[in-house]
Amino acid sequence: MIHIAIDGPAGAGKSTIARRIAAQIGFIYVDTGALYRAVARYVLCAGVRPEDAPAVTALLPQIELSLRFQNGVQKVCLNGEDVSEAIRTPEVSMAASGVSAIPAVREFLFGLQQKIAQENNVIMDGRDIGTVVLPDAQLKLFLTASAEDRAHRRFEELCAKGQKADYAQVLADIRRRDEQDIRRKTAPLKQAEDAVKVDTSGNTLEQSIALLRGIIREKL
Ligand code: C5P
């Protein structure tokens, strides 16, 4: 199987770019952030604080997660319910960053991610794909952009979906999430030594896709 790992901070364009490229080259696109988000949603619904490691760990046996792929589009099911849309809120984003620092949560999701990769050619995105989940991936990319650029993209995404958004708040959330993801002890966000770094600041989506397609053509 061929594995392309894409890591990077929130809002760097990973998912949009990876989804488009996967469709073009016939790979499955796996958005691992959706798994952390689904756990976060369950935790929030249970009234537990995402940072409360013992309480979150105690909830894990109640959680059954699965990913389905319909025409290349990933759907995430939480205890049988499709939560693909419900997990796309700023509250769930922050909570996902909270639960993702808990080693038991990462262990819980590790097997599912590896199983999908064993059975498919994948472009998988997240924070620790090149470093932990798929250390032997044939190609590793680290996608980044300035915090302001990333916040602008997130802000526009939220507005396009009709959600109420405040740019300053989106930027503050992105900075806080970066900080949490980089500083955590287990599987922090970092560039794998053998990853190619791509800075998408100032690029249009089409420019970033063309840039990555070029790297994929050259390296694979
Ligand atoms: O990618 P996305 O923004 O949806 O991820 C939500 C959160 O899940 C991230 O801020 C990060 O804390 C966590 N995450 C992670 N490891 C991954 C994917 C996501 O820790 N592989």
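Residues numbered from 1 in each chain as written. Predicted model: local features only at pLDDT ≥ 70, side-chain atom pairs only at ≥ 80, totals over all residues. Heavy atoms only, no water.

S.K.: So what exactly am I meant to see when it comes to the overall build of the protein chain here?
M.R.: Counting secondary structure elements, the protein chain contains nine helices and eight strands. Computed over C-alpha atoms, the radius of gyration of the protein chain comes to 16 Å, within 12% of the 17 Å expected from 2.2 N^0.38 for 220 residues, which places it in the range of a compact globule. Once the C-alpha set of the protein chain is aligned to its principal axes, its extents read approximately 50 × 40 × 35 Å. The 220 residues of the protein chain split such that 47% are buried. Partitioning the intrachain contacts of the protein chain with sequence separation of at least 6 by distance along the chain shows that 74% fall at a separation of at least 24. Just so you have it, the protein chain exposes about 10500 Å², and 51% of that area is on carbon and sulfur atoms. (Helix = DSSP H or I, 4+ residues; strand = E, 2+ residues; numbered from the N terminus. Rg over C-alpha atoms; globule rule 2.2 N^0.38 Å. Buried < 20%, exposed > 50% of the residue type's maximum accessible area, 1.4 Å probe, protein only. Contact = heavy atoms within 4.5 Å. Areas by Shrake-Rupley, 256 points an atom, 1.4 Å probe, with all protein chains shown as cover.)

S.K.: Can you help me understand helix 8 (residues 167-183) in this one?
M.R.: Note: α-helices contain 3.6 residues per turn, so residues at a spacing of three or four share the same orientation. Helix length check: helix 8 (17 residues) gives 24 Å between terminal C-alpha atoms against 24 Å at 1.5 Å per residue, within 8%. For helix 8, every residue scored as buried is listed here: Val170, Leu171, Asp173, Ile174, Arg177, Asp178 and Asp181. Projected onto a plane normal to the axis of helix 8, the buried residues spread over an arc of 160 degrees and lie on a single side. In helix 8, the exposed positions angled more than 90 degrees off the buried face are occupied by Ala168 and Arg183. Those residues of helix 8 that are buried are in contact with helix 2 (33-45), helix 4 (90-99) and helix 7 (147-160). (Expected span 1.5 Å × (residues − 1). Arc of directions from axis to C-beta.)

S.K.: Explain the site of the ligand to me, please; I cannot follow it from the model alone.
M.R.: Lining the immediate surroundings of the ligand are 15 residues, of which Arg37, Ser100, Arg106, Arg177 and Asp181 lie closest. The side chain of Arg184 places a nitrogen or oxygen atom 2.9 Å from an oxygen atom of the ligand. In the complex, the protein chains occlude 97% of the 460 Å² of accessible area that the ligand would expose alone. Those elements giving two or more residues to the shell around the ligand turn out to be helix 2, helix 4 and helix 8. Considering each element in turn, the shell around the ligand owes the most residues, three residues, to helix 2. (Near = heavy atom within 4 Å. Polar contact = N/O pair within 3.5 Å; in protein donor to acceptor, adjacent residues only side chain to side chain.)

S.K.: Please clarify how the nonpolar core should be interpreted in this entry.
M.R.: Where a protein is soluble and globular, its nonpolar side chains tend to be buried together. Counting 36 residues, the largest nonpolar core has Val39, Leu65, Val76, Val105, Met124 and Leu134 as the members making the most contacts within it. Contact partners of Val76, with chain neighbours within four places excluded, come to Ala34, Leu35, Ala38, Leu65, Ser66, Leu67, Glu81, Asp82, Val83, Ser84 and Ile87. By size, the runner-up hydrophobic cluster in this structure holds 18 residues, among which are Ile4, Tyr29, Ile215 and Ile216. (Core = buried A, V, L, I, M, F, W, Y, C linked by side-chain atoms within 4.5 Å.)

S.K.: What is the right way to read the UniProt feature "binding site: ATP" (unreviewed entry) in the protein chain from this model?
M.R.: When the UniProt feature table is mapped to this numbering, "binding site: ATP" (unreviewed entry) covers Gly8, Pro9, Ala10, Gly11, Ala12, Gly13, Lys14, Ser15 and Thr16. Structurally, Ala10 can be placed in the loop between strand 1 (3-7) and helix 1 (14-25). Residue classification places Ala10 among the buried residues on the basis of a relative accessible area of 2%. Residues in contact with Ala10, not counting those within four places in the same chain, are Arg127, Arg150, Arg154, Ile174, Arg177 and Asp178. (UniProt positions renumbered as here; feature names shortened; annotations may be inferred.)

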